[in-house]
Each structure stands twice: as C-alpha cells, then as structure tokens.
Amino acid sequence: GAVVSQHPSRVICKSGTSVKIECRSLDFQATTMFWYRQFPKQSLMLMATSNEGSKATYEQGVEKDKFLINHASLTLSTLTVTSAHPEDSSFYICSASQGARAQPQHFGDGTRLSIL
Amino acid sequence: DAKTTQPNSMESNEEEPVHLPCNHSTISGTDYIHWYRQLPSQGPEYVIHGLTSNVNNRMASLAIAEDRKSSTLILHRATLRDAAVYYCILSGGTSYGKLTFGQGTILTVHP
C-alpha cells in the first residue's frame with residue numbers, strides 16, 4: 001500500500017518553457033504533500049508543503065511565483081516550474097502523507113528536469 | 001529543528017547484519033525518529049520510525065537508546081538491494097511532519 005505516482009519521470013525542454021509535474025497518491029488520501037528538490041550529490045531540500053484546499057507554504061529562499069503548487073484534491077498535487085532556466089535543472093521529488101503527526105511520508109520516484 | 005549526526009559511509013558484506021548509528025542529542029520529547037533510504041535516481045523510501053520503544057517491521061529494526069539521544073537502524077541480513085543512502089531524521093515535534101534531510105550514510109554492500 002501507500003503508493004505515490006509522480007509523472008513525468010523525465011523532462012527535457014528549452015529555456016523559457018513552463019513544466020508541470022504531477023504527484024498522485026494512488027491508494028490513500030493525502031492531506032499533506034511535500035515537494036523537494038535534489039541537486040547531484042546533494043541531499044533533498046524541502047521546497048514547499050501543501051495542504052489540500054489551501055495555499056502552499058514555501059521554504060525560505062524558494063520563489064512562490066516561480067514554483068507554482070496546486071493541491072486541488074486529496075490525491076493530486078502539481079508543481080509547475082514557470083519559465084524554467086538551466087539553473088532549474090534538478091531532480092524534483094514529491095511525497096504524500098496522511099497528515100497525522102509522525103505519519104511516514106511516501107515518496108514518488110522523482111522527475112528529472114533538464115533545461116537546455 | 002533538532003539535528004542528527006550520521007557517519008558518512010559504512011560497508012557491509014552480504015547476508016551479514018548492519019547497524020547504522022544516528023546521534024540526536026538535542027531531540028525533544030515530541031520528536032519521532034524516522035529512517036528513510038534512497039536508492040540512486042529514486043525517491044526516498046520509508047524504512048521505520050519510533051518514539052521511545054524499539055520497533056520492528058519487515059524491513060528493519062530500530063533500537064532507541066534509553067535517553068533517546070541516539071538510535072540504531074538494524075538490517076538483520078544485508079542484501080545487495082540494501083545498498084543505499086540511509087537518512088535518520090527527527091520529525092513530529094514543532095516541525096509537525098516536515099522532514100529535514102541531512103547527508104545520510106552511504107551503505108555499500110559487498111557480495
């Protein structure tokens with residue numbers, strides 16, 4: 001159980017393009033979803049926390065107008081990287097939680113974004 | 001957030017037990033101890049978590065020191081598929097569900 005599906009797994013696109021990444025919890029309702037970014041040979045860095053039906057909370061230094069997060073239902077959250085540039089190239093990973101305190105997070109397989 | 005300290009890397013032989021240590025001397029009374037692991041080019045995978053008592057599941061065991069300032073993840077019989085980066089993370093206190101990933105321990109398993 002507790003499967004999180006992330007799509008697409010890989011994106012290659014030109015600079016200036018906007019890219020949307022979907023994160024779905026397949027067999028449970030995710031009241032909270034998290035978005036992370038991971039650069040090569042580094043650890044995961046939390047970008048934002050989103051709760052269903054409310055605005056996302058962004059970590060310090062993450063531009064909310066650059067990384068648009070929507071969590072419209074209990075099973076779907078999307079991250080849109082607007083006007084992507086080469087420095088946005090990274091491994092983006094989502095996770096979902098049932099929201100109760102100390103509940104484990106279940107992660108997607110990540111999206112490798114390459115901006116040319 | 002309370003921080004954790006883990007060795008950068010560890011090595012093991014296949015089918016032998018592995019004990020991965022984690023120090024968290026500033027842990028608060030409401031912090032849970034979580035372990036996740038990440039294989040190359042994949043998202044992290046939940047392994048186990050606990051608060052005060054030792055915990056067992058199908059993947060691993062978690063031994064928590066009596067003063068809660070350290071813990072050990074135990075893989076009873078390492079396999080090649082257990083080679084990964086293992087992260088020890090405190091969560092559930094003031095962070096309420098947020099996970100702050102450190103550098104973790106790179107576990108190498110030799111055949």
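Asker: Could you give an account of the packing of aromatic side chains, with specific residues and numbers?
Answerer: Overall, the coordinates contain eight aromatic pairs over all chains when judged by the stated rule. Centroid distance B:Tyr87 to B:Phe101: 5.0 Å. Interplanar angle 85°. Geometry classified as edge-to-face. Linking B:Tyr87 in strand S8 (residues 84–91) with B:Phe101 in the loop between S8 and strand S9 (105–110), this pair joins segments that are 14 residues apart in sequence. Owing to a relative accessible area of 3%, B:Tyr87 belongs among the buried residues under this scheme. Here the aromatic residues A:Tyr36, A:Phe107, B:Tyr36, B:Tyr46, B:Tyr87 and B:Phe101 are joined through ring pairs into a cluster of three or more.

Asker: Provide a residue-level description of the confidence of the model for chain A, including the pertinent values.
Answerer: Scored by pLDDT, chain A comes out at a mean of 92, with 96% of its residues at no less than 70. Of all helices and strands in chain A, the one with the weakest mean pLDDT is strand S7 (residues 67–73) of chain A (91), whereas strand S11 (residues 111–115) of chain A scores best (97).

Asker: Go over the sheet that holds strand S2 (residues 18–23) of chain B, please, and point to the residues and values.
Answerer: Strand order in the open sheet made by the four strands is S2-S7-S6-S5 (chain B), with antiparallel pairing throughout. Strands with a single pairing partner mark the edges of an open sheet, and in this sheet they are S2 and strand S5 (55–56) of chain B.

Asker: Quick one: what's the story with the state of the cysteines, residue by residue and with numbers?
Answerer: Overall, the coordinates contain two disulfides over all chains when judged by the stated rule. In this model, A:Cys23 is linked to A:Cys94 through a disulfide, with the two sulfur atoms separated by 2.0 Å. Here A:Cys23 and A:Cys94 share a disulfide; its torsion about the S-S bond, 80°, makes the bridge right-handed. With A:Cys23 in strand S3 (residues 19–25) and A:Cys94 in strand S9 (residues 90–97), this pair connects stretches of sequence that are 71 residues apart. Neither residue differs from the other here; A:Cys23 and A:Cys94 are each classed as buried. Shown here is the disulfide that connects B:Cys22 with B:Cys88, its sulfur atoms set 2.1 Å apart. Classification of the bridge connecting B:Cys22 and B:Cys88 rests on its S-S torsion, roughly -85°, and on that basis the disulfide is left-handed. Placement of B:Cys22 in strand S2 and of B:Cys88 in strand S8 is noted, with a sequence separation of 66 residues between them.

Asker: Provide a residue-level description of unusual backbone geometry, including the pertinent values.
Answerer: The omega angle of the peptide bond from A:His7 to A:Pro8 is 0°, so this bond is cis rather than trans. The backbone of A:Ser83 sits at a positive phi, close to 45°, despite the residue not being glycine. Mapping A:Ser83 onto the fold places it in the loop between strand S8 (76–81) and S9. One non-glycine residue with positive phi stands out, namely B:Glu15, at about 70°. One can find B:Glu15 in the loop between strand S1 (9–13) and S2. Under the relative-accessibility criterion, B:Glu15 is labelled exposed at 52%.

Asker: Tell me what's going on with the interface of chain B and chain A, and back it up with residues and numbers.
Answerer: Every contact between the two is made by 21 residues of chain B and, on the other side, 21 residues of chain A. Summed over both sides, the interface between chain B and chain A buries roughly 1,700 Å², with carbon and sulfur atoms accounting for 54% of that surface. In this structure, the connection of chain B to chain A is made through one salt bridge. A:Glu59 is the salt-bridge partner of B:Lys98, the closest N and O atoms lying 3.0 Å from each other.

What counts and what doesn't
- Residues numbered from 1 in each chain as written.
- Chains lettered and ligands numbered in written order.
- Predicted model: local features only at pLDDT ≥ 70, side-chain atom pairs only at ≥ 80, totals over all residues.
- Heavy atoms only, no water.
- Phe/Tyr/Trp six-rings, centres within 6.5 Å; stacked < 30°, edge-to-face > 60°.
- Helix = DSSP H or I, 4+ residues; strand = E, 2+ residues; numbered from the N terminus.
- Buried < 20%, exposed > 50% of the residue type's maximum accessible area, 1.4 Å probe, protein only.
- pLDDT = per-residue confidence, 0-100.
- Pairing = 2+ DSSP bridges.
- Disulfide = S-S within 2.5 Å.
- Contact = heavy atoms within 4.5 Å.
- Buried area = accessible area lost by both parts, 1.4 Å probe.
- Salt bridge = Lys/Arg side-chain N within 4 Å of Asp/Glu carboxyl O.

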